[in-house]
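# Close look at the chain arrangement
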Amino acid sequence: MPQRLLTNARLATLIHGIEAYGLIEDGVLAIDGETIAYSGPATGLPEAFAGFPKEDLGGRLITPGLIDCHTHLVFGGNRAREFEMRLEGATYEEVARAGGGIVSTVKATRDAGEDELLDGALTRADALIAEGVTALEIKSGYGLDRDTELKMLRVARRIGDLRPITVRTTFLGAHAVPADYKDRADAYLEDICLPALEAAHAEGLVDAVDGFCEGIAFSPEQIARVFEKAKGLGLPVKLHAEQLSNLGGTALAASYGALSADHLEYLDEAGVRAMAASGTVAVILPGAFYTLRETQAPPIDLLRLHTVPMALASDCNPGSSPLASLLLTMNMGCTLFRMTPEEALAGVAREAAKALGMTDRGTLETGKRADLAVWNVAHPAELSYRIGFNSLEKRIFGGSE
């Protein structure tokens, strides 16, 4: 197993209680196999690691490997024409009548074979990897039938086999009601969604279960049925909640000990308190806010007040967030929602790891997995400050490049 000693580096450890960013200016990081053996000041390096092969980083910044904790990376087709139509003045109804919206993505995803879906998803995954991403979550939800939901999850698993990246898969059968079950959401859950979840779990394809709690999708009572099934299967839950209205989905998710509640533009203080009590992470998704030209921002100040952890994610999807850049996501979080650069960096590392239930990464600490990103920057704030600029020098995954 490889042994490495990264010297002459700044370390953004993201450990609470040191300095901002958990920053160590004259830092050293020792890697033994896939694990961080030492992370701290050069003056404190234990003698046991002094003989490891040295790499002088010339003062560059090391952060934990970035984590994109909310994506819909696997899908068929694209919705560029729909985007164009909206800009030409078409209404939502006109776009829908022309076959646009999620219906078009469901059709394209159902029609595509696994290899075709994989090719498209790998292109998007590679863009994230090139920005220092070492772990990501991928949801199903564009099949809305048993076979396609399972197909999407198999493709997501294959990405983790074909690329040096950790993939967590999330079953999102409760994403929308398909056209053939229009106005029959309960029947869809009973006939399709819940049996598909059972089948996906039996095949070992599911790490967590998600749903979309919104007037255009599923009610809290319907989501509770999905969560009860997940609970019975021993799977953690998360939820798209309070994006377009406040139905109380976040409080429901918190009552199930959800890993995260995501979007949250219409979240109220009662929902924030519920998250704080349950330890549920708030996943902030500025890409959808930007693309949909929303005006109601998530309650960042309330989340801060109640010390709810805030993650940031791309929400990469073909409709509401065709965004495959976590660096741009960080800038958006700061510019659109007034998050600080420190919150943004923690949001794509430490808090994103919490949102996926991954306790072995997200900070630069002894014993954590050696997933790292090395940057050509003088200060961590540059990662959020720059727009359309990638300062990544190298990416280390499990101790290796």
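Residues numbered from 1 in each chain as written. Predicted model: local features only at pLDDT ≥ 70, side-chain atom pairs only at ≥ 80, totals over all residues. Heavy atoms only, no water.

### Some details on the pairing of strand β9 (residues 208-213)
Rules: To sort residues, take the accessible area from a 1.4 Å probe on protein chains only and compare it with the maximum for the residue type: under 20% means buried, over 50% means exposed, and anything in between is partly exposed. Runs of E in the DSSP output that reach at least two residues are strands. Runs of H or I that reach at least four are helices, and both are numbered from the N terminus. By the convention used here, strands pair only if DSSP detects at least 2 bridges between them. Handedness is read with the strands pointing away from the viewer; a crossover is right-handed when the path from the first strand over the helix to the second is clockwise.
The element β9 is extensively covered by neighbouring structure, given that six of its six residues are classed as buried. Going residue by residue along β9, you find A208, D210 and F212 tucked away on one face and V209, G211 and C213 tucked away on the opposite face as well. With three bridges joining them, strand β8 (residues 166-174) and β9 adopt parallel strand pairing. Looking at the pairing, F171 lines up with V209 of β9. With respect to chirality, the unit in which β8 leads through helix α6 (residues 185-202) into the neighbouring parallel β9 is right-handed. Pairing between β9 and strand β10 (residues 238-241): two bridges, direction parallel. Bridged to C213 within β10 is A241.

### Focus: the packing of aromatic side chains
As a reminder of what qualifies: Ring pairs are drawn from Phe, Tyr and Trp, using the six-membered ring of Trp, whenever the two centres fall within 6.5 Å, and their geometry is named by plane angle: stacked under 30 degrees, edge-to-face over 60, tilted for the rest. Lysine NZ or arginine CZ positioned within 6 Å of the ring centre and within 35 degrees of the ring normal marks a charge as sitting over the ring.
Taken as a whole and assessed by the stated rule, the structure comprises six aromatic pairs. Ring geometry for Y181 against Y188: centres 5.9 Å apart, planes inclined by 65 degrees, an arrangement best described as edge-to-face. Side by side, Y181 and Y188 carry an identical accessibility label, which is buried. Sitting over the ring of F75, R124 keeps its end group 3.8 Å from the ring centre. One cation-aromatic arrangement involves R369 over F397; the distance from NZ or CZ to the ring centre is 4.4 Å.

### Quick word on the pattern of salt bridges
Two side chains carrying opposite charge are able to pair once their charged atoms lie near each other. Stated formally: Whenever Lys or Arg places a side-chain nitrogen within 4 Å of a carboxyl oxygen from Asp or Glu, that contact is recorded as a salt bridge.
Scanning the entire structure with this criterion turns up 36 salt bridges. For the salt bridge of E137 with K238, the shortest nitrogen-to-oxygen distance reads 3.6 Å. Of this pair, E137 sits in strand β7 (residues 133-139) while K238 sits in strand β10; the two residues are 101 residues apart in sequence, bridging distant segments of the chain. Residue classification places K238 among the buried positions, given a relative accessible area of 1%. D210 is paired through a salt bridge with K139; the nearest N and O atoms lie 2.8 Å apart.

### Side note on helix α12 (residues 326-337)
Which entries qualify depends on this criterion: Helix span is expected to be 1.5 Å times the residue number reduced by one. Think of a polar contact as two N or O atoms within 3.5 Å of one another; within protein, one of them needs to be a possible hydrogen donor and the other a possible acceptor, and neighboring residues in sequence only count if both atoms come from side chains.
Along its twelve residues, α12 runs 16 Å from first to last C-alpha, staying within 8% of the 16 Å computed at 1.5 Å per residue. Counting buried residues along α12, nine of its twelve residues qualify, which places the element largely inside the surrounding structure. Taken together, the buried positions of α12 are occupied by L326, L327, T329, M330, N331, M332, G333, C334 and F337. Measuring from the backbone nitrogen of L328 back to the side-chain oxygen at the start of α12 gives 3.0 Å, which picks out S325 as the cap. Backbone geometry just downstream of α12 places R338 in the positive-phi region, at approximately 60 degrees.

### Here's the deal with the nonpolar core
Just so we agree on the cut-off: Here the nonpolar core consists of buried residues drawn from Ala, Val, Leu, Ile, Met, Phe, Trp, Tyr and Cys, with membership extended through side-chain atoms lying within 4.5 Å. Working rule for contacts: check all heavy atoms of both residues, and any pair within 4.5 Å makes them a contact.
Counting residues in each nonpolar core, the largest one holds 92 residues, and the members touching the most others are V74, I159, V206, L303, L345 and W375. Setting aside its immediate chain neighbours within four residues, W375 contacts R60, L61, T63, L66, E131, L327, L383, N390, S391, L392 and E393. Within the second largest apolar cluster, 14 residues are counted, among which are L6, L11, A370 and V374.

### So, the UniProt feature "binding site: 4-imidazolone-5-propanoate" (unreviewed entry) in the protein chain
To be explicit about the condition: UniProt positions are given in the numbering used here, feature names are shortened, and annotations may be inferred rather than shown by experiment.
Mapped onto this numbering, the UniProt entry gives "binding site: 4-imidazolone-5-propanoate" (unreviewed entry) at R79, Y142, H175, Q243 and S320. Of note, R79 is situated in the loop between β6 (66-68) and α1 (80-87). A residue is classified by how much of its surface remains accessible, and R79, at 14% relative accessible area, is buried. Setting aside chain neighbours within four positions, we find R79 in contact with G101, I102, S104, T105, P318 and G319. Mapped onto the fold, H175 is located in the loop between β8 and α6. By relative accessible area, H175 is classed as buried at 10%.

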